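# Remarks on the overall topology
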Amino acid sequence: MTALRWIVLVGMTGALVLFPALFEPVLRPFAPAGGPVIYDRATLAGLTASHLMLVMLAMVPSTLIALALAILVTRPAGAEFLPTARMLANIGQTFPPVAVLALSVPLLGFGTRPTVLALFLYGLLPIFENALAGLRGVPGSVLLSARAVGMTPRQMLVQVEMPLALPLILEGIRISVVIALSTATIGSTVAARSLGEVIIAGLTSNNPAFVIQGGVLTGCIAVLVYDVFGLLILAARRPAATARIRSRG
Amino acid sequence: MPRPRIDRLSAVLALPLLAAPALSAFGLRPNRIAQPQALGWAEAFGAPTAAALAAGTLLLVVALLLLRRPGLRMLLLAAALAGLILMLGRGAAILLEQAAPAARVSPGLGFWLAAGVLVLLLVDAFARMQPGPAPRAALLAATLAAVAALLGSGVLADLSVAAEFRLRAAAFHKATADHLVLAFGSFLAALAVGLPAGLAIQRHRALRAPVLNLLTLIQTIPSIALFGMLIVPLAWIAAHVPAAAEAGIRGIGMAPALVALFLYSLLPIVANTVAGVDAVPPAVAEAAAGMGMTGAQRLRMVELPLALPVILAAARIVLVQNIGLATVGALIGSGGYGTFIFQGIGQTATDLILLGVLPTVALAFLTSAVLDLVIASFRMQPP
Amino acid sequence: MIEIEALTKTYGGRPVVDGVTARFARGTLTAIVGSSGSGKTTLLRMINRLVEPSAGRVLIDGKDVARIPEVSLRQGIGYVIQGYGLFPHWTAARNIGVVPTLLGWPRSRIKARTQELLHMLQLDPAEIGPRYPHQLSGGQAQRIGVARALAARPEVLLMDEPFGALDPLIRRQAQRDLTRIRRQLGTTVVLVTHDMNEALYLGDAIAVMRDGRFEQFGPPEDIVRAPATPFVADLVGETGRALRLLALKPVGTLLRAGQAQGDPVDAAASLSDALAEMIWTGRDRLPVVDGRGQGLGIVTRDDILAAGRQAPPA
């Protein structure tokens, strides 16, 4: 079942990106009579690469900063900011990604930059919230033991707290990345190069064939990325299982 | 506290707050889509008033560094924020008197920075009080009253975003109605389907993984993709089922957006229903069965009431998510506030974008705050 | 030796530990008994500075712990808590090796030490070593916790309800293991418990703690025979005190020359066990043997009964 899912996802994505012409017979009925069936204003491979690049550009700093903030407010020195940080995160969640994207345009103009800014800002919250939950979820007895065996605060963080919080941190990154993949699609309304271009082109030219191509491809990529994170989370959550895989391999 | 300490958050935020009066307070444009010209407080009110404002800001920063009682801080910050907004409105009026008829005034970077810092400090002061539901409800009511008074008073009527509103009052009300239908209608439909579905798969473990996996898969699909791809089947239905077409179902418009939001809503509702009922302590369920309750009685009298806070948490997630995602529906002609956002992006008219963004954020915030209060008051009740 | 001098900890003006002064001799096990909130855990944590004292000081072998850097102090003191606090993302072996790793021991030495400890605690290194904490039974996890505390050969071992999470049968075994290991290593142990029976069974000395103070501090016999306060008497229990007293002393302390019939009793067995054997088999004297079965003499019923009286026989 799982294997089938991987094969379908990877196969669909790969075929759509590399051999879009293969789908012409399937999509033909959806295209307007005499109109183009396969999107040809840019290669899907190029748009996919650009789409993923937008997400990467935003998510790397987003992850680093959100993690740093979560670590800060869970240290004794930053503890007084914790209630404020949580309330802000709670309020921040009510900002829709589209709003952040739209408001980035007046600041930065059209194109890649407002999109990356919006993805970056919106990505902070889920990662921060999950990292916070992960770091605060480390059992008290484990923290006590870590102090009692003579770990320095730094050793506690690196050797105990972060590894134990890792599954939840990855969960947060996964949520942010999935949202970012979706928001990057909308980024094409502010002239960022992404797969949203194909869908928007389909909507504006009344060509469902484009909408389906773009939609299926972005959907497949999102689910694929989601599943890859699923594997990472599984690996982080079950040290026993991965240790066995490693020794076997 | 043995010795007085300065407030650390205020110390961090002192610099942006002090810099704000020096930055542009207003953006003046000859017409609604021209590039704004940045103007300071001095351009509107004259140099002495601007200097007084800078001095006032300095005093405020000093007071914030030393004052540590959250209640006092909140009063001070609220007063400062009110003053800032009143000055914005007054300044806009002064600037417009001197400008051409088509000119527009918007808040500038300095205003946004100062307002942002003040709101942040307000949130901080409030968070430190560790407020229970009653003070939170009071603050929410006070904020609503203040916003209503502000909008009703016409203080901000000279701002460009207000001008955009006046140009589109009818469209705005239509958009509000559409947005509410999209967000709440899809939620109610998802509740009607998701709650029974959640209860069903809570009892039949074998169904859990497939159902939840499918719903997660749907949630993962980017919004435009799902909205767009639903056009195809709905257009087919409209073309082949006359009754559906008469009911207003078309390929584009409200129908695909409602269906997409409905699909997105299912996962939180179903998953939280399962989690909520799962969390009923086994001893309680056993006791209920032991005293002879039927399955239906157990559900109605024990399981649902105990699962209610978790289900309400799902309602909050879904509604906030729907209010945000409904804006995307504008791309397929569903109406709602997104219409203004995407029109604004197309015309590079910031104030039109704001006309879409501000009510969307306000609606999401209000919904979230009200549901948070409801959830908190349920949790406060003795079990 | 651990010396505690006028040790005090206050939280918000309220003393939790209130001017306690005591000495715990080298190589002994001191059991601190008290109900929850008595301050016993706080007292224990001030020894390895998990809690900093408000006043007073702690000396280990004459050195003030406040002058030793926290980290190296704790690396030199073993600590076992009720939930064991095993690191869930590390194998049992890596959990045991954590302090040696922090101390920078070479890998081979850590491995050898881990194996040695697993053997000492009667766990199979090949089987248990690679397991993760969630794959261990309660008894195994408890032993890993003890092994981790002992890994760097600490002079001092602090234990906070170390057997609290075990069911009664396994608890007995764990307590016996502790006694055995302690004899073997000569470690000074301070153990906190709410269970007077456990304290009487394990302790060379017992401190009864209430409201931040020691109500009584002395050898187990004194605690049972002459409770200093009604609270201590209450903890020991009004009934069956004589039998408890007898349970504390080995047969070897009442040895007489002579002959007796029937199965012999081990000199290390308690007087209460010997008395039970007499009642069961209808004898009034038993032959006593040492660990290797060598006859040492006899023990008589009258001597045992005298040893169980409230005042010691003149």
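Owing to the predicted nature of the structure, the values given are computational and were not obtained by experimental measurement.

## Re empty space enclosed by the protein
Tallied over the full model, the rule gives four cavities of 30 Å³ or more. One number sums up the size of the largest cavity: a volume of about 90 Å³. Contributing to the lining of the largest cavity are 13 residues, with Val149 of chain A together with Ile77, Gly78, Val99 and Ala149 of chain C lying nearest its centre. Mapped onto the lining of the largest cavity, the elements with two or more residues apiece are helix H7 (140-148) of chain A together with helix H2 (70-75), strand E6 (77-81) and helix H7 (138-150) of chain C. When residues of the lining of the largest cavity are assigned to their parent elements, the largest contribution, three residues, is made by E6 of chain C. Considered class by class, the residues forming the lining of the largest cavity number eight nonpolar, three polar and two charged. Of the volumes computed, that of the second largest cavity is approximately 60 Å³. Lining the second largest cavity are Leu121, Gln142, Arg143, Val146, Met159, Phe163, Ala174, Asp177, Leu178 and Ile181 of chain C. Here the lining of the second largest cavity takes four residues from helix H8 (residues 168-185) of chain C, the largest share from any one element. Taken together, the residues that form the lining of the second largest cavity break down as seven nonpolar, one polar and two charged.

## Some remarks on the interface of chain A and chain C
Every contact between the two is made by 20 residues of chain A and, on the other side, 24 residues of chain C. Buried area between chain A and chain C, both sides added, is near 1,800 Å², and the carbon and sulfur share of it is 70%. Here chain A is connected to chain C by zero salt bridges. There are seven residue pairs in polar contact (both at pLDDT 80 or more) connecting chain A and chain C. Those elements that place two or more of their residues in the side of chain A that touches chain C are H7, helix H8 (153-186) and helix H11 (239-248) of chain A. Per-element accounting of the side of chain A that touches chain C gives the leading share, seven residues, to H7 of chain A. Within the side of chain A that touches chain C, the residues separate by chemical class into 12 nonpolar, six polar and two charged.

## What about the pairing of strand E10 (residues 213-218) of chain C?
Residues and elements named next belong to chain C. Two strands pair when backbone bridges link them, and strand E9 (residues 205-210) and E10 are joined in this way by five bridges, in the antiparallel orientation. Each residue of the ladder has a partner; that of Ile206, found in E10, is Gly218. Between E9 and E10, which pair antiparallel in sequence order, lie two residues; one of them, Asp211, sits at a positive phi of approximately 50°.

## Things to note about the layout of surface pockets
Residues and elements named next belong to chain C. Taken as a whole, the second largest pocket spans an internal volume of roughly 750 Å³. Looking at the lining of the second largest pocket, the elements with two or more residues in it are H8, helix H9 (196-202), helix H10 (220-225), helix H12 (241-248) and helix H13 (271-281). With six residues, H8 is the single largest residue contributor to the lining of the second largest pocket. Here the residues of the lining of the second largest pocket are counted per class, giving 10 nonpolar, five polar and 10 charged.

## What about the domain arrangement of chain B?
Residues and elements named next belong to chain B. For chain B, the assigned domains read domain 1 (8-142) and domain 2 (169-380). Summarising the inter-unit geometry, the C-alpha centres of domain 1 and domain 2 are found 36 Å apart. Residue-level contacts link nine residues of domain 1 with 15 residues of domain 2. Contact with domain 2 buries area across many residues of domain 1, yet Arg32, Pro133 and Leu140 alone supply 51% of it, more than any other trio. At the boundary of domain 1 with domain 2, the tally comes to one salt bridge. Across the salt bridge formed by Arg29 and Asp351, the nearest N and O atoms sit 2.4 Å from each other. Counting residues per element, the side of domain 1 that touches domain 2 draws most heavily on helix H6 (residues 133-153), which supplies four residues.

## A look at the nonpolar core
A general feature of soluble globular proteins is that nonpolar side chains tend to end up buried together. In this structure, Val55 and Phe128 of chain A together with Phe26 and Trp41 of chain B are the most contacted members of the largest nonpolar core, which totals 109 residues. Broken down by element, the residue count for this core peaks at 11 residues, all from helix H3 (residues 44-73) of chain A. Two domains each donate at least three residues to this core, and these are domain 1 (8-142) and domain 2 (169-380) of chain B. If we ignore the near neighbours within four places in the chain, the residues touching Trp41 of chain B are Pro21, Ala25, Phe26, Gly46, Ala50, Leu53, Leu84, Met87 and Leu88 of chain B.

## Some details on the side chain of Lys40 of chain C
Residues and elements named next belong to chain C. Mapping Lys40 onto the fold places it in helix H1 (residues 40-47). Of the side chains with opposite charge, Glu161 lies nearest to the buried Lys40, which makes no salt bridge, at 4.3 Å. The contacts of Lys40, once residues within four sequence positions are left out, are Ile32, Val33, Gly34, Ser35, Glu161, Val192, Thr193, His194 and Met209.

## Details of the pairing of strand E1 (residues 2-11) of chain C
Residues and elements named next belong to chain C. Bridge analysis of E1 against strand E2 (residues 14-24) gives seven bridges, and the strand direction is antiparallel. For Ile4, the partnering residue across the bridge sits in E2 and is Ala22. Where E1 folds back on E2, the antiparallel hairpin that results is connected by two residues, among which Gly12 adopts a positive phi of roughly 55°. Inspection of the sheet shows E1 paired to strand E4 (residues 55-60) by five bridges, in the antiparallel sense. Pairing of Glu3 across the sheet is with Leu59, part of E4.

## Some remarks on the arrangement of the chains
Where two pairs of chains are in contact, the pair with the most contacts is made of chains A and B. Nothing in chain B touches chain C, and the closest approach of their C-alpha atoms is 11 Å.

## What about the sheet that holds strand E1 (residues 26-29) of chain B?
All names here are of chain B. Pairing is antiparallel in the open sheet, where three strands are placed in the order E2-E1-E3. Pairing within the sheet leaves two strands with one partner each, and these edge strands are strand E2 (37-39) and strand E3 (104-107). Going from strand to strand, the sheet's axes swing by 30° on average, the running direction of each strand aside. By the bridge criterion, four bridges tie E1 to E3 in an arrangement that is antiparallel. Directly across from Gly27, in E3, lies its bridge partner Ser106.

## Details of the sheet that holds E6 of chain C
Strand pairing in a sheet takes place through backbone hydrogen bonds and is either antiparallel or parallel in direction. Residues and elements named next belong to chain C. In spatial order, the strands read E6-E7-E8-E3-E9-E10; together these six strands make up an open sheet with mixed pairing. Edge positions in the sheet fall to E6 and E10, since each of these pairs with one other strand and no more. Neighbour-to-neighbour, the strand axes of this sheet turn through a mean angle of 15°, independent of strand direction.

## A few points about the packing of aromatic side chains
Aromatic ring pairs are reported here in terms of the distance separating the ring centres and the angle at which the planes meet. What the rule picks out here adds up to 10 aromatic pairs over all chains. Taking 5.5 Å as the distance between ring centres and 40° as the angle between the ring planes, the aromatic pair formed by Phe172 of chain B and Tyr337 of chain B counts as tilted. Within this pair, whereas Phe172 of chain B is found in helix H8 (residues 169-203), its partner Tyr337 of chain B is found in the loop between helix H14 (295-325) and helix H15 (338-347), the two being separated by 165 residues in sequence. Residue classification places Phe172 of chain B among the buried positions, given a relative accessible area of 14%. Assessed through its relative accessible area of 5%, Tyr337 of chain B is described here as buried. Relative to Phe340 of chain B, the ring of Phe172 of chain B lies with its centre 6.1 Å away and its plane at 10°, an arrangement referred to as stacked. Within this pair, whereas Phe172 of chain B is found in helix H8, its partner Phe340 of chain B is found in helix H15, the two being separated by 168 residues in sequence. Phe340 of chain B matches Phe172 of chain B in its accessibility class, with the two residues each being buried. In this arrangement the basic side chain of Arg109 of chain C is found over the ring face of Trp105 of chain C, its NZ or CZ atom lying 3.7 Å from the centre.

## A short note on the pattern of salt bridges
All names here are of chain C. Summed over all chains, the structure comprises 32 salt bridges over all chains. Close ionic contact of Arg49 with Glu52 constitutes a salt bridge, the shortest N to O distance being 3.0 Å. With a shortest N-O distance of 2.3 Å, Arg256 and Asp303 are connected by a salt bridge. Residue Arg256 is located in the loop between H12 and strand E11 (265-266), and its partner Asp303 is located in helix H14 (residues 301-307); the two are separated by 47 residues in the primary sequence. You can call Arg256 partly exposed: its relative accessible area is 43%.

Cut-offs used in this document
Residues numbered from 1 in each chain as written. Chains lettered and ligands numbered in written order. Predicted model: local features only at pLDDT ≥ 70, side-chain atom pairs only at ≥ 80, totals over all residues. Heavy atoms only, no water. 1 Å grid on protein atoms, 1.4 Å probe; cavity = no way out; pocket = protein on both sides within 12 Å on 5 of 7 lines; lining within 4 Å. Points joined across faces, edges and corners; volume = space filled by probe spheres on them. Helix = DSSP H or I, 4+ residues; strand = E, 2+ residues; numbered from the N terminus. Nonpolar A, V, L, I, M, F, W, Y, C, P; charged D, E, K, R; others polar. Contact = heavy atoms within 4.5 Å. Buried area = accessible area lost by both parts, 1.4 Å probe. Salt bridge = Lys/Arg side-chain N within 4 Å of Asp/Glu carboxyl O. Polar contact = N/O pair within 3.5 Å; in protein donor to acceptor, adjacent residues only side chain to side chain. Pairing = 2+ DSSP bridges. Domains from an automatic or database assignment. Core = buried A, V, L, I, M, F, W, Y, C linked by side-chain atoms within 4.5 Å. Buried < 20%, exposed > 50% of the residue type's maximum accessible area, 1.4 Å probe, protein only. Lys, Arg positive; Asp, Glu negative; His and termini not counted. Axes fitted to C-alpha atoms, helices over the stretch in contact; angles between N-to-C directions. Phe/Tyr/Trp six-rings, centres within 6.5 Å; stacked < 30°, edge-to-face > 60°. Lys NZ or Arg CZ within 6 Å of the ring centre and 35° of its normal.

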